[in-house]
Amino acid sequence: MSKVKIKTGDKVRVTTGEHKGSEGVVTKILKDKNRVIVEGVNMVSKHEKPSATNPQGGIKELEAPLHISNVSLIDSDGKSTKVGYKSEDGKKVRFAKTNNQAI
C-alpha cells in the first residue's frame, strides 16, 4: 500500500479521465481502495427505493470515488503540485514542491 499524500479538505484538480480539469475539495478518502471523493466532481445518479425516511423514493445525485492517482493537489498559486515532507520545529510538515510553501 502506497502513502496517501492527499488529505481531507485539500483542494485538488482532476488530471485524467472524463472530468479532467475539474477542481474541488476532498471530502473523504477511501484509503484501503486508494480512492478519494471530491466535492462536485464525478457525479452519478443513484436510484433509491421508497422507505420510511424517504417515502417518495426517487433519483439522488452523489459523488462517486476517483482513483487517487487521477487527482493532484493545487498549491496557493493555483498550479498542480507534488507533495513533499520536511521537518519544521521538530514537526513533520507537508509542502508544495512548486513553490516550497507549507500546505
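Please read all numbers here as calculations on a predicted model, not as lab measurements. (Residues numbered from 1 in each chain as written. Predicted model: local features only at pLDDT ≥ 70, side-chain atom pairs only at ≥ 80, totals over all residues. Heavy atoms only, no water.)

Enquirer: How should I be thinking about the layout of surface pockets in this particular structure?
Expert: Take a probe with the size of a water molecule and roll it over the atoms, and the empty space left behind shows itself. Quantified by volume, the largest pocket comes out at close to 260 Å³. In this structure, the largest pocket is lined by 13 residues; those nearest its centre are K3, K5, I6, I68 and V71. Here the lining of the largest pocket gets three residues from one element, more than from any other, and that element is strand β7 (residues 71-74). (1 Å grid on protein atoms, 1.4 Å probe; cavity = no way out; pocket = protein on both sides within 12 Å on 5 of 7 lines; lining within 4 Å. Points joined across faces, edges and corners; volume = space filled by probe spheres on them. Helix = DSSP H or I, 4+ residues; strand = E, 2+ residues; numbered from the N terminus.)

Enquirer: Looking at this structure, how should I read the sheet that holds strand β2 (residues 23-30)?
Expert: Within a beta sheet, neighbouring strands are joined by backbone hydrogen bonds and run either parallel or antiparallel to one another. If you trace the six strands from one edge of the open sheet to the other, you get β6-β3-β2-β1-β7-β8, paired in antiparallel fashion. Strands with a single pairing partner mark the edges of an open sheet, and in this sheet they are β6 (66-67) and β8 (80-81). The pairing of strand β3 (residues 35-38) with β6 spans two bridges and is classified as antiparallel. Bridging across to β6, R35 finds its partner in H67. (Pairing = 2+ DSSP bridges.)

Enquirer: Help me understand unusual backbone geometry, please; the structure alone is not making it clear to me.
Expert: Backbone geometry follows two general trends: most residues other than glycine have a negative phi, and most peptide bonds adopt the trans configuration. With phi around 60°, N42 is a residue other than glycine that occupies positive phi space. Locating N42 in the fold gives a position in the loop between β3 and β4 (43-48). With relative accessibility at 15%, the residue N42 sits in the buried group. Unusually for a residue other than glycine, D89 sits at a positive phi of about 55°. D89 gets classed as exposed once you look at its relative accessible area, which sits at 82%. (Buried < 20%, exposed > 50% of the residue type's maximum accessible area, 1.4 Å probe, protein only.)

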